[in-house]
Amino acid sequence: MTTNLAMVAEGEPAGDPRRPVYELVDVTKKYGHVVALEPVNVTLREGDFAAVIGPSGCGKSTLLKIMAGLVPPSSGAVVLEGQPVKGPRREIGMMFQQATLFPWCTTLENIVLPISIRDGRAAAKKAEKDALELLELVGLKGFEKAYPGQLSGGMAQRAAICRMLITEPDVLLLDEPFSALDELARDFMNLELQRITSARNATAFLITHSIPEAVFLSDTVYVMSARPGRIVEAVTIDLPRPRTMEMMVEPAFGAFVNRIRSLLDKGGFL
Amino acid sequence: MTDQTLSEAPSVARKRYEDTVWTEEVAFIDRIPRGIAMVGLFVGFIVLWQLVYLSGLVSPLILPSPLETGADIVFVGKNLFSGGYMLTAFFVTTQEVLVGFVIAMAIGFSLGILVGETSFGERAVLPYLVAIDTMPKVAFAPLFLAWLGFGISSKVALAAFIATFPIVVSTAAGLHAADDNARMLFKAMGATRWQTLFRMKIPTGLPHIFTGLKIAAVGVMAGAITAEFLGGGKGFGELIRVAASQLQTPRVFSLIIYLSLLGFVLFWTVVLVERRLVFWHRSTISGVDGGR
Ligand SMILES: Nc1ncnc2c1ncn2[C@@H]1O[C@H](COP(=O)(O)OP(=O)(O)OP(=O)(O)O)[C@@H](O)[C@H]1O
Ligand SMILES: [Mg+2]
């Protein structure tokens, strides 16, 4: 546990002036007798982009749900903007592997759904203007009246991005958001995501199975061990921003990818 | 210039092939158009019926000829459309069926939501419902007659009783149909239990619920007629019973045919409402079932 703390500290230059947004202190999770997470310590500062990578079933989604206030931790503290997380919070935007658009709502209705749920239908009506702007931002202009059944997988996932952004969240929690997409669509979405997070100075926490994706997007990549999940190392990615697709063939990029791969290999997880 | 060289291919002359336009073979039975198939089957049935009648194997008292039956259908039709006593009986049964269906929906949805949404319902109420559901519900008819008398209410009660269970079961199953992602999403949006129920779980479950409603629409007819058979009254079931006891077999047939119209209209009303409400279902790519 002490080593764990030390390693996290290593990933963060001392005296960082940026405000900490998320603080996880010794967060653990047990499902019955099954230990899903061993103590996790993570601090995300304003504008940070962090990724978690680790073998299947190591507790990544569990960690994300705890951060989102969807599942209580077994022990430890989760603090967001100075307030302990004890349930879903408005500042959080979430996205999952499936777009999960509701097929009886139009794309536009799906996007304003979070507003409709929180503030009522009148507020949702007012938010439609913002929703149309978001649709344009992700290249879905003209599809506001389409039903989800008429969208392709990538288009649905872009609509899900709009739904996440409509409440103007400060923090984005992303659970393999693009892993159901083909590689071309995925690259495009990653560029998009980078643009969105940096434009809003949003703090983001991404779960992924793709090492290049993690390196491409992140300031810090947390490598997790197989179950029970434990953060083995926090790798700081100090490549310049904005990142471009061309950078992915550069040696520096490859070095990070290799480093993370060897960390995963060393644990014999892959 | 370049275009030409490209399209006219290299120096080697290209061999001309025949167009490979071909049609897939369809078996005869899959090729018959709907109208012809339906009329053909109907005519075949009538012919077979006539043959059995002519063969003398079955007593004409039990099996009338198609012609006799046809004549009686016209007779009953005239009585119905001229507002005769049969129309009155038809309205009585219609009333029983409709009131029974509405009551079944009210109770069915309420219990279905209790069982499908709350742990109390699932733990305490569901076992009893399952126990009752496994009983032959028609056996309760004498009880309803004893409690509610021989008027319309005992028929409504049995009709509703039979139709309630499929609605409960399908509603409860429908409420479980939403996947984890949809639930998580609603939770993350800070939705209340009611919001989650009415804006996510119930819409997701509508295809299930309508399956139950269709079964209920059939059951409510069976319930009303059974109760009329057993408990008299002024409905169509009573007309059928009387006709049968007098060995007026053609009348039994024609009454059944007009009765089936009622069932048909009820069933198709449910189907039409379903098509309006569940227009989105089977749109193969819907994120909700995660089946992308
Ligand atoms: N609700 C639950 N009840 C019991 N055990 C659970 C529950 N949710 C998750 N687990 C267990 O906790 C462990 C971590 O699950 P989790 O979904 O967090 O893994 P993951 O890292 O997200 O995996 P993947 O990469 O496959 O998505 C798994 O072994 C799983 O079996
Ligand atoms: Mg997961």
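Every value quoted in this text rests on a predicted model; they were computed, and no experiment measured them. (Residues numbered from 1 in each chain as written. Chains lettered and ligands numbered in written order. Predicted model: local features only at pLDDT ≥ 70, side-chain atom pairs only at ≥ 80, totals over all residues. Heavy atoms only, no water.)

Draft legend 1. Local environment of the interface of chain A and chain B. Of the residues lining the interface, 26 residues belong to chain A; the matching set on chain B comes to 24 residues. Summed over both sides, the interface between chain A and chain B buries roughly 2500 Å², with carbon and sulfur atoms accounting for 68% of that surface. At the junction of chain A and chain B, the tally comes to 0 salt bridges. Applying the counting rule to chain A against chain B returns 6 residue pairs in polar contact (both at pLDDT 80 or more). Of all the secondary-structure elements, those providing two or more residues to the side of chain A that touches chain B are helix H4 (113–119) and helix H6 (153–165) of chain A. Considered class by class, the residues forming the side of chain A that touches chain B number 16 nonpolar, 6 polar and 4 charged. (Contact = heavy atoms within 4.5 Å. Buried area = accessible area lost by both parts, 1.4 Å probe. Salt bridge = Lys/Arg side-chain N within 4 Å of Asp/Glu carboxyl O. Polar contact = N/O pair within 3.5 Å; in protein donor to acceptor, adjacent residues only side chain to side chain. Helix = DSSP H or I, 4+ residues; strand = E, 2+ residues; numbered from the N terminus. Nonpolar A, V, L, I, M, F, W, Y, C, P; charged D, E, K, R; others polar.)

Draft legend 2. A look at the site of ligand 1. All names here are of chain A. All residues in the neighbourhood of ligand 1 are listed as Tyr-31, Ala-36, Ser-56, Gly-57, Cys-58, Gly-59, Lys-60, Ser-61, Thr-62, Glu-176, His-209 and Arg-227. With respect to ligand 1, the side chain of Tyr-31 contributes an N or O atom lying 3.4 Å from a nitrogen atom. Of the residues forming the shell around ligand 1, the biggest block, 3 residues, is contributed by helix H2 (residues 60–68). For the shell around ligand 1, a count of residues per class yields 3 nonpolar, 6 polar and 3 charged. (Near = heavy atom within 4 Å.)

Draft legend 3. Main features of the pattern of salt bridges. A full pass over the atoms with the stated rule returns 17 salt bridges over all chains. The salt bridge partner of Glu-91 of chain A is Arg-89 of chain A, with a shortest N-O separation of 3.0 Å. For the pair formed by Glu-91 of chain A and Arg-89 of chain A, the shared burial category is buried. With its nearest N and O atoms 2.8 Å apart, the salt bridge here joins Glu-117 of chain B to Arg-193 of chain B. Separated by 76 residues along the polypeptide, Glu-117 of chain B in helix H5 (residues 85–117) and Arg-193 of chain B in helix H10 (residues 193–231) bring together distant segments of the chain. Judged by its relative accessible area of 14%, Glu-117 of chain B falls in the buried class. Residues joined in a network through salt bridges with shared partners are Arg-19, Glu-46 and Glu-81 of chain A. (Buried < 20%, exposed > 50% of the residue type's maximum accessible area, 1.4 Å probe, protein only.)

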